[in-house]
Amino acid sequence: MLAKYWKKIGMLIIIIACLFNIVAKLVKKIPYIDQLTQSAQYVSNQEHNEEK
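All values derive from a computational prediction rather than experimental measurement. (Residues numbered from 1 in each chain as written. Predicted model: local features only at pLDDT ≥ 70, side-chain atom pairs only at ≥ 80, totals over all residues. Heavy atoms only, no water.)

Caption draft 1: Region of the structure containing the overall build of the protein. Broken down by element type, the protein carries one helix and zero strands. The C-alpha atoms of the protein give a radius of gyration of 23 Å, which is well past the 10 Å a tight globule of 52 residues would have. Summarising its shape, the C-alpha atoms of the protein cover approximately 75 × 10 × 5 Å along the three principal directions. With 52 residues in all, the protein has 0% of them scored as buried. Here the protein has roughly 5,400 Å² of accessible surface; of this, 68% comes from carbon and sulfur atoms. Put simply, the protein has 7 plus and 4 minus side-chain charges, and the middle of one group is 37 Å from the middle of the other. (Helix = DSSP H or I, 4+ residues; strand = E, 2+ residues; numbered from the N terminus. Rg over C-alpha atoms; globule rule 2.2 N^0.38 Å. Buried < 20%, exposed > 50% of the residue type's maximum accessible area, 1.4 Å probe, protein only. Areas by Shrake-Rupley, 256 points an atom, 1.4 Å probe, with all protein chains shown as cover. Lys, Arg positive; Asp, Glu negative; His and termini not counted. Charge placed at Lys NZ, Arg CZ, Asp CG, Glu CD.)

Caption draft 2: Geometry of a nonpolar patch on the surface. There is a patch of nonpolar side chains on the surface, built from Met-11, Ile-14, Ile-15, Leu-19, Ile-22 and Leu-26 and spanning about 590 Å² of accessible area. Note on Ile-22: relative accessible area 48%, which makes it partly exposed. (Patch = residues over 30% accessible without salt bridge, like charges linked within 9 Å, V, L, I, M, F, W, Y side chains within 5 Å. Salt bridge = Lys/Arg side-chain N within 4 Å of Asp/Glu carboxyl O.)

Caption draft 3: Seen up close, the environment of Val-43. Mapping Val-43 onto the fold places it in helix α1 (residues 6–51). For Val-43, a relative accessible area of 45% gives the class partly exposed. In this structure, the C-alpha to C-alpha distance between Val-43 and Tyr-32, residues eleven residues apart in sequence, is 17 Å.

Caption draft 4: The arrangement of the environment of Val-23 in detail. By secondary structure assignment, the location of Val-23 is in helix α1. Take Val-23: its relative accessible area is 48%, and that puts it in the partly exposed class. In the structure, Val-23 is positioned eleven residues away from Leu-12 in sequence and 17 Å away in space, judged by C-alpha atoms.

Listed below in structure tokens is the structure:
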């Protein structure tokens, strides 16, 4: 029975792996954006403090 459906099972595994990969990248991307925002705020505050 497995031999009859091996292509469908393989495609299902590949689709699940691709979806998992996409979700993992999206989850990791959000903290990276937060980190960039915090870095930009820090630089802005440092420039503001140097002007005083």
